[in-house]
Amino acid sequence: MGLTRQYLRYGPTALFGLVASARGNAAFVALRGERGRCVAVPACEHVFVWDTRKGEKVLILKGLKQEVSCLCPSPDGLHLAVGYEDGSIRVFSLLSGEANITFNGHKAAVTALQYDHLGGRLVSGSKDTDVIVWDVINESGLYRLKGHKDAVTQVLFLKEKNLLVTSGKDTLVKWWDLDTQHCFKTLVGHRTEVWGMALISEEKRLITGSADSELRVWDITYIQEVKDPDEPESKKSKGSSPGAEENTEEDETLELDEHPEERLVKCSKVGSIMREGRDRVVTLATDRTGKILACHGTDAVLEVFSVLSEEEVQKKLEKKMKKAKKKAKQNSEEEPERSVELSLQEEIQRVTNIRASSKIKSFDLILSPKGELKIVLLLQNNIIESYNLNLLAQVPQAVRASKITIGGHRSDVRTLAFSSDNIAILSAAAESVKIWNRSTLQCIRTMDCEYALCSLFVPGDRQVIIGTKTGKLQLYDLASGSLMETLNAHDGAVWSIALSPDQRGFVTGGADKCVKFWEFELVKDESTVQKRLSMKHVRILQLDEDVLCVRYSPNQKLLAVSLLDCTVKIFYIDTLKFFLSLYGHKLPVLCMDISYDGTLIATGSADRNVKIWGLDFGDCHRSLFAHDDSVMYLQFVAKSHLFFTAGKDSKIKQWDADKFEHIQTLEGHHQEVWCLALSPNGDYVVSASHDKSLRLWERTREPLVLEEEREMQREAEYEESVAKEEQPVVAGETQGETGLAGKKTIETIKAAERIMEAIELYREEMAKLKEHKAICKAAGKEVPFPVNPILRAYGNITPSAYVLEVFKKVKSSELEESLLVLPFSYVPDLLRLFNEYIQLGSEVELLCRALLFLLKIHFGQITSNHMLVTVIENLKKTTISRVSEARDVLGFNMAGLQYLKREIEAKDEVSFFADATDRFEEKKRKRKKKEKMVLAVL
């Protein structure tokens, strides 16, 4: 069957008008070795890296489909871990901008990410209540920790011991021992959700923030275990009094055996610091050094605190002691010395409050060695602000260093328009009108306006008209960017505006139940000799209901008016006589358009349906269920009967009004789509959404076949359903606190299928080889053996080598899950092949990992199979010898590197790598100073 009707595919071209999404968190990143200048922020599915000094976008880390929910830079500053709404995590290289590693383990949005101090492990918390620890170097999941009953809000590694602290919306703070992978302690001193958590004072204190204005402070004491000589020395917590023990724990005088959870760590509440904000904590964090603590609530104020170091605490205590002694002398009372203690408020001091221009969504801090604190704030209204705070000043005051605003609107864009030459795009929101260049996506003009609802370019593209919520029409001149005229057009909101086909005037419809006709005219300007454009009111059509949308027919004979009573009335323009009523929608018609030849009118309604009507008799040709929520905008493509609809379900769809078929869905927006605009030539679509982004879609030359499109949709639905299926279980394992890190996805199933195919090919080839040998024996001479084309493609490798190649290509993070769905019938062959590979010494580490996992999940079946006893015995011998060899090589290499390090240190008489960066920075600063002085002299 040939192509019955050919359509061209529209594809995404760009995302613009967005500075930062408020869903995730902002984070300072080091680009080109400079810290505190570039900041990474979520931008729908991408991550934008902005240079705060220049206000420019320096890097885009491209995402796939899902929205970014969490960011965390690695300690070395070379990578950025990004968590998404669907629970996946991708690790990007900041040098290349490529995503090197993908982790799939969570079933819901990632809410917290944290690297350990070396950057080798990454821990993630999610809305699905699980915490997963990932091995970044091996690119695989280590284990899943289950214990929280609600979304995880924060995860923190402890440097001192192999411990992890997690907090959740279930009011609990849990302590996990990562050696044994179990929760050994739960803090239950909170009455409401724990929204934030931070470690201070060299990890001897924990601060938690919940839904009240109290920041609770807990003392952490590491208890030394006698049995284990390898444990680091315990740290005594300063200022911890036995009376201040958390009320849920019993008296400390009891034996430790009675409190098994206190064998590793003691955690007792020592008091609290009061915030000024009355609402919940949104973000609570420290800078890298742990000297500065900051937090904010749901308002626009960031509260900054300073945490005293041990030396500063000692100095303060000595001062206090001296004062106390002086006082005692003055009173000349011979009383025994009382112990002098610092209050919590003296140890954690309030520095200042920073008031941002709008609600804060997240922040990040960086403290320079000179004592200057750099703060970046991600605001709710599409703005990034950065502040500098000099902590050494007598009264520290925050100074705003920069503000990135030009790239987008402060509120949702409610109207869009294309210029007649397809080059300029107008977008208008509650506070401003912006004109964008379509090819460069740069904002050319920004003009202040009232709350805009509809807009159009005046013929000639030199002026634009905006209809506002207060009923005004505002006329702007684009060359000067100035407001030329404001008219009070309607008593209510101007809901719709339409240019007349003869381009001499336009029509507006408003909430005051009127349709008004306007004409363009040139009037003499008092200030200048030249004439300027103005608008003249010519006629009025009074109706019984609010007008929601107005449209001209292309021959300018008819006017379609959508009313609040769910009907569309059609009038003759010359006499304003009633012609037709289009009745059938259950809820008001929010948008409509008339085709280029005037034969069809398509209406989109809040009842989620689109109806296609004939304009001759007003008959409904077809009703289509278009979106899962209200249809917000509808427009025909020029010179065709194809039209686009935009819905509150965040989708844009293309339809054929002749065949009544759905052609294509443009997915990209993450929230309601308010409006769209088609370029006059039909090549471009621009859309605006509640996620603050504007998206440009371009008509490609690629033909779109409906059958293929449906097939792709079905495949996508199947792949989604696979991820939602029940996860495979390991025989004999009970659901405990820990579990496998990965999850079953379409990728893991495909990987398992590839392994199965490779083993089947191996079986076939081995059988053929046997046959071939028998034939050769019978013939008494060597007969040519036909080589499998797949093996030939790999360079005439053996079948067993091909299985290893396939194995190596399975992603490290997907290996366990792929082996979990592999049927047992393939396992005996795999074990024999593993024995062969390990004897040769190839890929020992990978094969041992796979082997141990297979033994774990198929233990019963393997041990009861007599055929495999010899295989397992052989594997035992070869594996132990090969692993010890690999270990020896690693040990030798480590010793060699240590020796080289000592040699270089001895040569330079400086500690290796420790202060190289500081010296480099110092040299750079001196060079710059010199250059400035030379320039000054010149």
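Digging into the overall build of the protein chain
Counting secondary structure elements, the protein chain contains 12 helices and 57 strands. Projecting the C-alpha coordinates of the protein chain onto the three principal axes gives extents of approximately 120 × 100 × 70 Å. Sorting the 938 residues of the protein chain into buried and exposed places 50% on the buried side. For the protein chain, the proportion of contacts with a sequence separation of at least 24, taken over those separated by at least 6, is 50%. Put simply, the protein chain shows about 46500 Å² of open surface, and 51% of that area lies on carbon and sulfur atoms. Side-chain charges in the protein chain split into 128 positive and 137 negative, and the spacing between the mean points of these groups amounts to 4 Å.

Concerning helix H11 (residues 869-908)
Its 40 residues give H11 an end-to-end C-alpha distance of 58 Å, which sits within 8% of 58 Å, the value for a rise of 1.5 Å per residue. Listed in full, the buried residues belonging to H11 are Val871, Leu875, Thr878 and Thr879. Against the buried residues of H11 lie helix H8 (827-840) and helix H9 (844-857).

What to know about a negative patch on the surface
A grouping of Glu753, Glu757, Glu760 and Glu764 is seen on the molecular surface, where their side chains present a negatively charged patch. With respect to the helices and strands, glutamate 760 occurs in helix H4 (residues 746-779). Its relative accessible area of 33% is what places glutamate 760 among the partly exposed residues.

As for the environment of tyrosine 718
Mapping tyrosine 718 onto the fold places it in helix H3 (residues 706-724). According to the relative accessible area criterion, tyrosine 718 is partly exposed, its value standing at 47%. Sequence spacing of tyrosine 718 and leucine 473 is 245 residues, and the spatial spacing of their C-alpha atoms is 50 Å.

Observations regarding the sheet that holds strand S34 (residues 452-457)
Spatially, 4 strands are ordered S34-S35-S36-S37 in an open sheet, and the strand pairing comes out antiparallel. Each of the sheet's edge strands pairs with one partner strand only, and the pair in question is S34 and strand S37 (482-488). For this sheet the average axis-to-axis angle between neighbouring strands, irrespective of direction, equals 20 degrees. In terms of strand pairing, strand S36 (residues 472-477) meets S37 through 6 bridges, oriented antiparallel.

Focus: a positive patch on the surface
A surface patch of like charges, here positive, comprises Lys315, Lys319, Lys322 and Lys323. A residue is classified by how much of its surface remains accessible, and lysine 323, at 65% relative accessible area, is exposed.

Points about the packing of aromatic side chains
In this structure the tally under the stated criterion is 11 aromatic pairs. Taking the centre distance of 4.6 Å and the plane angle of 15 degrees together, the rings of phenylalanine 103 and tryptophan 134 count as stacked. One end of the pair, phenylalanine 103, is in strand S9 (residues 99-104); the other, tryptophan 134, is in strand S12 (residues 130-135), and 31 residues separate them in sequence. A single burial state applies to phenylalanine 103 and to tryptophan 134, both of which are buried. Here the basic side chain of lysine 57 rests over the ring of phenylalanine 48, its NZ or CZ set 4.1 Å away from the ring centre. Over the ring of tryptophan 674 we find arginine 414, and its NZ or CZ is 4.3 Å from the ring centre.

Quick notes on the nonpolar core
Nonpolar side chains in soluble globular proteins tend to be buried together. Core analysis: the largest hydrophobic core is formed by 37 residues, its most contacted members being Val803, Phe807, Leu819, Leu830, Leu831 and Phe834. When residues no more than four places from it in sequence are discounted, the contact partners of phenylalanine 807 are Ile755, Leu815, Leu819, Leu830, Phe834, Leu846 and Ala850.

What to know about the pattern of salt bridges
Tallied over the full model, the rule gives 36 salt bridges. Its salt-bridge partner being glutamate 85, residue arginine 23 comes within 3.2 Å of it at the nearest N-O pair. Here arginine 23, found in the loop between strand S1 (7-16) and strand S2 (27-31), pairs with glutamate 85, found in the loop between strand S7 (79-84) and strand S8 (88-93); they are 62 residues apart in sequence, far enough to count as distant. Salt-bridge contacts for arginine 849 lead to glutamate 816; the nearest nitrogen and oxygen are separated by 2.9 Å. With a gap of 33 residues between them, arginine 849 in helix H9 and glutamate 816 in helix H7 (residues 815-820) connect regions that are remote in the sequence. For the residue pair arginine 849 and glutamate 816, the accessibility class agrees, reading buried in each case. Beyond isolated ion pairs, a larger network of salt bridges with shared partners links Glu34, Arg37, Asp51 and Arg53.

Section: the sheet that holds strand S10 (residues 110-115)
With antiparallel pairing, the 5 strands of this open sheet are ordered in space as S10-S11-S12-S13-S57. Both edges of this open sheet fall to S10 and strand S57 (738-739), since each of them pairs with a single strand only. In the sheet, S12 pairs with strand S13 (residues 140-146) via 6 bridges, with the strands oriented antiparallel. For valine 131, the partnering residue across the bridge sits in S13 and is leucine 145.

A closer look at the confidence of the model for the protein chain
Low-pLDDT stretches of the model should not have their predicted coordinates read in fine detail. Across the protein chain, pLDDT averages 87, with 91% of residues at or above 70. This stretch, residues 226-258, has a pLDDT under 50; its non-local contacts, to residues over four places away or in other chains, come to 49 contacts.

Points about the packing of H8 against H11
Between H8 and H11, the least distance of the axes is 9 Å, while the angle of their chain directions is 30 degrees. When the axis of H8 is compared with that of H11, the two are roughly parallel. Crossing of H8 over H11 shows left-handed handedness. In contact with Leu831, Arg832, Phe834, Asn835, Ile838, Gln839 and Leu840 of H8, H11 contributes Val871, Ile872, Asn874, Leu875, Thr878, Thr879 and Arg882. Grouping the constituent residues of the contact of H8 with H11 by class yields 7 nonpolar, 5 polar and 2 charged.

Cut-offs used in this document
- Residues numbered from 1 in each chain as written.
- Predicted model: local features only at pLDDT ≥ 70, side-chain atom pairs only at ≥ 80, totals over all residues.
- Heavy atoms only, no water.
- Helix = DSSP H or I, 4+ residues; strand = E, 2+ residues; numbered from the N terminus.
- Buried < 20%, exposed > 50% of the residue type's maximum accessible area, 1.4 Å probe, protein only.
- Contact = heavy atoms within 4.5 Å.
- Areas by Shrake-Rupley, 256 points an atom, 1.4 Å probe, with all protein chains shown as cover.
- Lys, Arg positive; Asp, Glu negative; His and termini not counted.
- Charge placed at Lys NZ, Arg CZ, Asp CG, Glu CD.
- Expected span 1.5 Å × (residues − 1).
- Patch = residues over 30% accessible without salt bridge, like charges linked within 9 Å, V, L, I, M, F, W, Y side chains within 5 Å.
- Salt bridge = Lys/Arg side-chain N within 4 Å of Asp/Glu carboxyl O.
- Pairing = 2+ DSSP bridges.
- Axes fitted to C-alpha atoms, helices over the stretch in contact; angles between N-to-C directions.
- Phe/Tyr/Trp six-rings, centres within 6.5 Å; stacked < 30°, edge-to-face > 60°.
- Lys NZ or Arg CZ within 6 Å of the ring centre and 35° of its normal.
- Core = buried A, V, L, I, M, F, W, Y, C linked by side-chain atoms within 4.5 Å.
- pLDDT = per-residue confidence, 0-100.
- Parallel < 35°, antiparallel > 145°, perpendicular 65-115°, else oblique.
- Left-handed = near helix turned anticlockwise from the far one by under 90°.
- Nonpolar A, V, L, I, M, F, W, Y, C, P; charged D, E, K, R; others polar.

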